[in-house]
Amino acid sequence: MLLDFDKLGGLKTFLVALVVLVSLFLILPIVFIAALSFGSSQWLIFPPPSWTFKWYQDLFVDPRWLYSALTSLKIAAIVTVLSVVIGFLAALGLDRGRFAGRDFLRALFLTPMILPVVVLAVALYALFLKLGLAGTTIAFVIAHLLIALPFSIISIGNALAGFDRSIEDAAILCGANPWEARLRVTVPAIRHGIFGAAIFSFLASWDEVVLAIFMASPTLQTLPVKIWTTLRQDLTPVIAAASTLLIAFTILLMIVAALFRKGRKA
Amino acid sequence: MSDTVATGAVKTKRESTLGYLLPALLLIAFFFIVPVLMLLMRSVLEPEVGLQNYEALLGSTTYLRVFLNTFMVASIVTLVSIVIGYPVAWLLAIMPERWSRIVLAIIVLSMWTNLLARTYAWMVLLQRTGVINKTLMGLGLIDTPLALVNNLVGVTIGMTYIMLPFVILPLMGVIRTIDPAILRAAALCGAGKMQCFLRVLLPLSLPGIAAGALMVFVMSLGYFVTPALLGGTSNMMLAELVAQFVQSLVDWGMGGAAALVLLVVTLVLYAVQLRYFNPARGK
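Residues numbered from 1 in each chain as written. Chains lettered and ligands numbered in written order. Predicted model: local features only at pLDDT ≥ 70, side-chain atom pairs only at ≥ 80, totals over all residues. Heavy atoms only, no water.

### Looking at unusual backbone geometry
Trans is the common state for peptide bonds, and a negative phi is the common state for residues other than glycine. With an omega dihedral of -5°, the bond running from Phe46 of chain A to Pro47 of chain A counts as a cis peptide bond. Residue placement: Pro47 of chain A occurs in the loop between α1 (10–36) and α2 (54–61). Each neighbour pair has its own omega, and for Glu46 of chain B with Pro47 of chain B the value is -5°, a cis peptide bond. One non-glycine residue with positive phi stands out, namely Leu44 of chain A, at about 60°. Relative to the helices and strands, Leu44 of chain A is located in the loop between α1 and α2. (Helix = DSSP H or I, 4+ residues; strand = E, 2+ residues; numbered from the N terminus.)

### Digging into the packing of helix α11 (residues 223–233) of chain A against helix α5 (residues 115–126) of chain B
Where α11 of chain A meets α5 of chain B, the axes come as close as 11 Å, and the angle between the chain directions of the two elements is 20°. For the element pair α11 of chain A / α5 of chain B, the angle class is roughly parallel. For the crossing formed where α11 of chain A meets α5 of chain B, the hand is left-handed. Taken together, the residues of α5 of chain B that come into contact with α11 of chain A (itself represented by Pro224, Ile227, Trp228 and Leu231 of chain A) are Leu116, Tyr120 and Met123 of chain B. (Axes fitted to C-alpha atoms, helices over the stretch in contact; angles between N-to-C directions. Parallel < 35°, antiparallel > 145°, perpendicular 65-115°, else oblique. Left-handed = near helix turned anticlockwise from the far one by under 90°. Contact = heavy atoms within 4.5 Å.)

### Details of the nonpolar core
Judged by nonpolar contacts, the single largest core of 164 residues is most densely connected at Leu57 and Trp90 of chain B. By residue number, the principal contributor to this core is helix α3 (residues 61–94) of chain B, which donates 14 residues. In this structure, this core is formed jointly by two domains, domain 1 (5–36) and domain 2 (62–265) of chain A, each of which donates at least three residues. In this structure Leu57 of chain B touches Tyr63, Phe67, Leu241, Phe245, Met254, Ala257, Ala258 and Val261 of chain B, once residues within four positions along its chain are discounted. In terms of nonpolar packing, the next biggest core, distinct from the first, is built from 13 residues, Leu92, Leu160, Ile190 and Ile194 of chain A among them. (Core = buried A, V, L, I, M, F, W, Y, C linked by side-chain atoms within 4.5 Å. Buried < 20%, exposed > 50% of the residue type's maximum accessible area, 1.4 Å probe, protein only. Domains from an automatic or database assignment.)

### Observations concerning the state of the cysteines
For the structure on display, the rule yields zero disulfides over all chains. With no disulfide of its own, Cys196 of chain B lies 9.3 Å from the sulfur of Cys189 of chain B, the closest cysteine sulfur. (Disulfide = S-S within 2.5 Å.)

### A closer look at the domain arrangement of chain A
Residues and elements named next belong to chain A. In terms of domain boundaries, chain A breaks down into domain 1 (5–36) and domain 2 (62–265). One C-alpha centre belongs to domain 1, the other to domain 2; they are set 33 Å apart. Contacts between domain 1 and domain 2 engage four residues on the former and four residues on the latter. Roughly 300 Å² of surface becomes buried between domain 1 and domain 2 when both sides are summed, with 81% attributable to carbon and sulfur atoms. Per-residue buried area on domain 1 facing domain 2 is highest for Ile30, Ile33 and Ala34; these three make up 85% of the total on that side. Seen at the junction of domain 1 and domain 2, the total is zero salt bridges. Residues that form the side of domain 1 that touches domain 2 fall into these classes: four nonpolar, no polar and no charged. (Buried area = accessible area lost by both parts, 1.4 Å probe. Salt bridge = Lys/Arg side-chain N within 4 Å of Asp/Glu carboxyl O. Nonpolar A, V, L, I, M, F, W, Y, C, P; charged D, E, K, R; others polar.)

### Considering the pattern of salt bridges
Where side chains of opposite charge bring their charged atoms close, a pairing between them can arise. Residues and elements named next belong to chain A. All told, the structure shown has ten salt bridges over all chains when counted by the stated rule. One salt bridge in this structure joins Asp62 and Arg64, with 3.0 Å as the shortest N-O distance. Judged by its relative accessible area of 16%, Asp62 is buried. The closest approach of N and O atoms between Glu168 and Arg182, which form a salt bridge, is 3.5 Å. Taken together, the residues Glu168 in helix α7 (residues 165–173) and Arg182 in helix α8 (residues 178–189) connect sequence positions 14 residues apart. For the pair Glu168 and Arg182, a shared accessibility class is recorded, and that class is buried. Salt bridges linked by common partners bring Asp95, Arg96, Glu168 and Arg182 together as one network.

### Observations regarding the packing of aromatic side chains
Aromatic ring pairs are defined here through the distance separating the ring centres and the angle between the ring planes. This structure, assessed with the given rule, holds 21 aromatic pairs over all chains. A centroid spacing of 5.5 Å and a plane angle of 20° characterise the contact between Trp90 of chain B and Phe197 of chain B, whose relative ring orientation is stacked. Here the residue Trp90 of chain B occupies a position in helix α3, and Phe197 of chain B occupies one in helix α9 (residues 193–221), the gap between them amounting to 107 residues. Each member of the pair, Trp90 of chain B as well as Phe197 of chain B, is classed as buried. Members of the aromatic cluster, connected to one another through ring pairs, are Phe25 of chain A together with Trp122 and Tyr161 of chain B. If you follow Lys226 of chain A out to its NZ or CZ, it ends over the ring of Trp65 of chain A, 5.2 Å from the centre. (Phe/Tyr/Trp six-rings, centres within 6.5 Å; stacked < 30°, edge-to-face > 60°. Lys NZ or Arg CZ within 6 Å of the ring centre and 35° of its normal.)

Right under this line is the structure:
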């Protein structure tokens, strides 16, 4: 009764209304920011008195925004490659290995994901200060790799768990050496897991704020750090423009992921 | 025959398995375990050997207020997220797929939207001259703008906005696994709607509620960005305190001590979650 949609009775109206309200609550702020980024009001008056591309112009004219976006892209790209490769190896080791402490290792690899990120940020900041690496690209990559790696290990690990290993063994039997078999048989078979690992790793780095705040220097900032420092000064509509571009980018990634999933089913 | 083949292949791989784990292990050891331990060491070594940092941290009312506030914010956000998220997850689990798909897409979009973009949206919406205050004044509900930002209200709204998907998605999964026949049986036996809900549906979804609540609570405890932007100076949270010790005060001893408190609370709650609410362990 309570789990039959058509037999909810009066409850149905209440629940549907609530779901609509929560959906609006979740989507409206995003729509609102996108609308404001085209509004002419410096003070973010809504509805805007008129429409303009001014804030986007400001964004593209200021080399610091562009530079920070490129920095983000570069770091996220390096992190994605490293995370997928190291994550693939680790997932393979965990999947194939039969040794004591395997569950412990798996839990250890995932810990950076559940730890308060500020603790990790402060600890790494201290270490990199000592090593003279503070404010470098290497520092950024290592910090982001730590939180991207769990996504790779989970995503590729799940794919490996669903992969029938005897196919790989068959390839070896037919004369392939183990790595040839893995790269030409296993990797194509678990490509959806690898693709998922790449997307999540990229986003983990691209959107990351807290580690980035501590890793950044005045000359090396990612896009989130640039937004953060600007945000602490004022609520300029330029941030609305930057946010809208980020949102558009996210939607694009979601569509790519959805298409990929569809292609997998077909 | 296949048995011998399989064992043969396993044998060649078993020797190199640990090698595959090495890059990840080295990364975790050198850039996770070592720096976190170093930070915790500094809390008892700086400025001099001893527990003075912890005495200062736990003995002062200023810091005690930060602890209390952290727990209060995390509790309120968890409670609000569950109360709103549960009915949403419930309906999503049973409504026709063509509708639930749209709602799910909205939830995923909001989850994937940059954290700063979302927080910025709420800073603009909630400010004194923001849309919400303007609307309320336009409707004649209030005469002067409400203070919705730089206080507890702002943090609660901003964090609930972020945490809701983390409650809705797992809860929806749990409710989907409940057999509708059980509720039909309860109704057949004469239970009213209220009784069906309180004595059948709610108890059956309790593991999901507990797991979701614990996860949101732990995540909220260590949150930094949203409280820093939407909260006020009078309701600072623990993560902000850690950052402030290190960034503004350059006091690594106190920073390490505050980080340890946050770390211990998180790990204890995480252990509770693993012990009691791990889906892999069964019910």
